[in-house]
Each structure stands twice: as structure tokens, then as C-alpha cells.
Amino acid sequence: MAWEVVVGIETHAQLATKSKMFSGASTAFGAAPNTQAAAVDIALPGVLPVANRAAIELAIRFGLAVKGAINRRSIFARKNYFYPDLPKGYQISQYESPIVRGGEIRFTLNDAERVVRLTRAHLEEDAGKSLHEDFHGMTGIDLNRAGTPLLEIVSEPELRGAKEAVAYARALHALVMWIGICDGNMQEGSFRCDANVSVKKTDEKGLGTRCEIKNLNSFRFMEQAIEFEAKRQVELLEDGGQVEQETRLYDPERGETRSMRTKEDAQDYRYFPDPDLLPLVVPEQLLSEILQGLPELPDVRRERFVREYALTVYDAGLLTASRAAADYFEALVKAAGVEPKLCANWQTGELSAVLNREEQDIATCPVSPQMLAGILRRISDGTISGKAAKQVFEVMWKLGGSADEIIERDGLRQVSDAGAIEKLVDEVLAANARLAADYRSGKEKAFNALVGQVMKASRGKANPVQAAEALRRKLG
Amino acid sequence: MSLSHDQIRRIARLARIAIAPGEADALAARLNRVLALVEELRAVDTAGIEPMAHALEVVQRLRPDEATEPDRHELYQSVAPAVQDGLYLVPKVIE
């Protein structure tokens, strides 16, 4: 009987607000330590938290985008634990009534559509940061991050294996950026995932004992960590052992997970409603406003691209990986007025390769959709060959300018003048009588060699379609 | 319902309150009196009544998302026991 790996993902997405969840301190990244920690954030006595309207609206925006139910009345709760970077001794979170219940994330894996249900998404505040090095045996505390608004998004444990878990996390990552609730910057900790991993025999109904893996700050590490952890659990069980419920840390240098704390010393958070904060009530009016402000969502746009532009699911998926990419594509199609398939090929091929090579984002691409459209129009009308188009693109990337300017300046126009091509063909046939004879005796390969000779004689500038037509006519 | 010594010790540990070995008895007796009061409240039939999260019948006011707080870390850190490079220093918390 085969083993099945079951994964649930908890994600902390930092909400894109200017100020904190409960104070007016800035959330800008990278400030000098403790310069963005207000009296509420450092828990001075006598202060009171006041909730940030934008954080709540962004949480609702997410809830509506994933088709979850918005709790019209939700409650902030205290999650109690002691740690020096948590000055109050509790984190303000939501427990019994989170702002979002349910919902689903749609994504594609190996061209198949997958839908994963969400358990909930709730608002909470981040803790500060502990720095353990270089303070003469002391720990340094920076509370700039304390109180930053987070949306904790919890999936149901229904992801099967590391690949599917990563595909889910990527789709969620793309979605929160798409709807503008989170900047998605994983290096800065704006999007952090923990994975709950368990294994079971395929025919078992219940779930196995799970371990929670923390510190997954890239998709690559997430995949490695889940694979390692699943293997560890299977080996343990096959050797007659038992999996202990515990929190484990992924160590990317060693490529393994190791125990952080077990259930025995597991925390008892003693949640209770925060008396400093009143129930949060979401008026109907606000819900409909936020719903109206939602952009077309990635899965809807992907399906529309397939339908409207006759693209494959794969291409449509690539082109809707981010809102900037999808916007680029539609601007390109509109400006070029050529086959959408040609636009898709160029955006997912040449453009994306150069963006990768130059480590640039499509949002800051030096070649605008209008500029690229100029190249595609000249491919489409036969002015330049595909090969010359790549040259034009490289020049455009480095120096700017329009396609037509570059084509003229660099003499990249292909020869489509029928008389000139005919002359070339005559010369080639005269010089390659043997190949011509081979073709006439039925060797199709000889034809391609002749086309190659014509191209060579024109130094690559002859229109290959016209050259082939002229050859056939003369040989026929 | 009454609390055992183990439960008393556990609650104290969670709250980071040190209790002397002899104190547990007295604490258990006092906490159990509180629980007895809770038992009385539990006798009330609350079927169909929505639990209250707050004693006031008002809802949360929200503030606009604006960064309004100035940097006051020097003032705040003037009362901290130990500070270095703008960080609060605390006894080492990792293994």
C-alpha cells in the first residue's frame, strides 16, 4: 500500500497598509531599530489599540476574492504567550470568529485545474524581531515590526504532496499581489508560509499525526522541506515508530527539518476576547463597495484569455502569472493588431527570456507593449524575419527607439522584391546544378539545401517564403 | 469542579508566576471559590443567547490608515534597563 502525503499551509501575508494594525506608527520596511514603534506597539501602560480601517478592508477584499464568507461581526482575541519581542505578553488575533470563513484557491498543476478549500483567514498583528548575535550574551529587540497587520490564511489539509503544496502557495502569492493586499516580498517577510505535513496509507480514512514546519521563506525551500519531512515520517512509521506532533524548523543548509518543540511543552495560548477592542461590524454598504472594486481575478482572466485569444491553458497561465503580465499582454494585442498567438509567443518566449536574463520585472520593462507591437507588426507583414526581429528587440531593449527606425538604420528589412529574389534563385540554381537535379529526381532534402543557399546568397535577408515559392516555380 | 495542585502549578507556570511549594493549597482553595461562583452562573439556562464579547453594546471604531506617530524611541528607551544601537537588550532567549 502506497503512502500519501497530506499538507495544509498556513500563510502570514503582511497587509499593504501605511500604518500598523492598532497604532499610527509607520510600517515602512528597513527603518532604524525601534524608530517605528509607538506607545501602543511597545505596550506602555494605559494605551489603547484602535483598529486600522484599511487593514480590515484589505482582509475583506481577500475574503471576497476567494469566495469566502465575511463574518459581519468578528471579534479580536488575545493569544497569550511570553516572548521578549511580544511586549504585551499577548498577540491580538482572532479566534472564534475570524473575519473570513471558508473560501477556495484555484490553481493549475500539470495543466489540470485544482481547487483547494480554505478554512479561514483572520486578522492579527505581527511580533517584533529578536537579534541574537553580538550583544555580549544579550538579545537585542527591534519592535518596528510589532503591530504590523497580518492576514493569516489557513488552507484545509487537502494538498497532496510537495509539488501541489507549492503550486497552491504560488497561486496564493500571485493572488494577494494581484488584488493588491500584500506586496508579496518574501525576502522582507511580507509573505511567510508554515506547512503542516502528515502521511497516511492511501486507503486510510483519517489523517496521520502532523508536524508543523516553520521557516519556509522560499518556494524552493518549501518543496524541499515537505519532501524531506514526508520521507522522515514514512521511514519512522515503516520502522515501527510513531510520529510525534511537534513544530520543526527547516534548515536549508542541511536540507533537513529538526525538532523545535514537542507537544509536551506545546503552548496553551488561553485565547479570550480582547476587552480593549469592541466587536468589529462590517456594514453591507462596505461589503458591496469592496466587491465592486475587485479587479478581474487571475483564474477568470486565464479562462477569458483561452476563450478570447484562442490560447492554450498553459500560455494563458503564464500570461496571467501576475496582473502586470496580463495587462502587458492585453496592451500588446491591442497595439499590435496581429494574431494574439504571435503576441503570446513573443511575451512568453523572447521577452520573458530577456527579462530573466536582465533580472527585470515586466512592470519595469524598458520595451513597452507599444514598442514591441511595432516589431510584431513588421514580422506579421513580412518586413523582417523572425531572426531579424530578435535583433531589433535586443537593440530596442538597450537603446530604445521604434521598430521601424531600428529596421531602417540597421538594414534588417528582408528582401521581398520578387525581381531581386528571382535573380538570386537563378544564380543559385546555376551554381548548384547537382542539387537541382537531385530535387527533380525526388530528393525533397535537396530543396531545403537550395533554400539555404538562396538565404546565404542574400546574407539572410531574403524572404524565405518567397524564396521557396520562386524555387518551386523554377524547378517545377 | 475543583483544581488539582498540578493544575495550579501549570496555570502559574503559564502566567510566569512563581509559587512557593506551600502556597499551592491556599491558592487552590481561593481559586476554587471563584470556580464555585462560575458554577452558579453556569446553572443559568443560556440556550439561544448569543455570547457577548464585550460588556458594551457598541462596535469598534476604525481609524484611517495614516502614519501619524513620530519617532520617540529615545524617550521610550530612557526607561529601558539596557539599550544598544537602538535595540532593547534582554537576557539571551535562545539556546
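Since we're looking at a predicted model, the values are computed, not measured.

Engineer: Break down the packing of aromatic side chains for me, citing the residues and quoting the values.
Structural biologist: Residues and elements named next belong to chain A. In the structure shown here, the tally under the stated rule is twelve aromatic pairs over all chains. Between F22 and F76, the aromatic rings sit 5.4 Å apart at their centres with planes inclined by 85°, giving edge-to-face as the arrangement. Pair noted here: F22 is in the loop between strand 1 (3–14) and strand 2 (51–52) and F76 is in the loop between strand 4 (73–74) and strand 5 (77–80), with a separation of 54 residues, a long-range link. Under the relative-accessibility criterion, F76 is labelled buried at 1%. An aromatic cluster is present here, built from Y81, Y95, Y269 and Y271 joined pairwise through their rings. For K79, the ring lying beneath its charged end belongs to Y269, and the centroid distance is 4.4 Å. Over the face of the ring belonging to F447 we find R472, whose NZ or CZ atom lies 3.9 Å from the ring centre.

Engineer: How would you explain the confidence of the model for chain B if you had to name every residue and give the values?
Structural biologist: For chain B, mean pLDDT is 89; residues scoring 70 or higher make up 97% of the total. The weakest mean pLDDT in chain B belongs to helix 1 (residues 5–14) of chain B at 87; the strongest belongs to helix 3 (residues 73–77) of chain B at 97.

Engineer: Outline the sheet that holds strand 5 of chain A, supporting the account with residue identities and numerical values.
Structural biologist: Residues and elements named next belong to chain A. Sheet architecture is open: three strands sit in the order 6-5-18, paired in antiparallel fashion. The two strands at the open ends of the sheet, each matched to only one other strand, are strand 6 (90–93) and strand 18 (272–273). For strand 5 and strand 18, the ladder comprises two bridges, and the chain directions are antiparallel. The partner of R78 across the bridge, within strand 18, is F272.

What counts, and at which threshold
- Residues numbered from 1 in each chain as written.
- Chains lettered and ligands numbered in written order.
- Predicted model: local features only at pLDDT ≥ 70, side-chain atom pairs only at ≥ 80, totals over all residues.
- Heavy atoms only, no water.
- Phe/Tyr/Trp six-rings, centres within 6.5 Å; stacked < 30°, edge-to-face > 60°.
- Helix = DSSP H or I, 4+ residues; strand = E, 2+ residues; numbered from the N terminus.
- Buried < 20%, exposed > 50% of the residue type's maximum accessible area, 1.4 Å probe, protein only.
- Lys NZ or Arg CZ within 6 Å of the ring centre and 35° of its normal.
- pLDDT = per-residue confidence, 0-100.
- Pairing = 2+ DSSP bridges.

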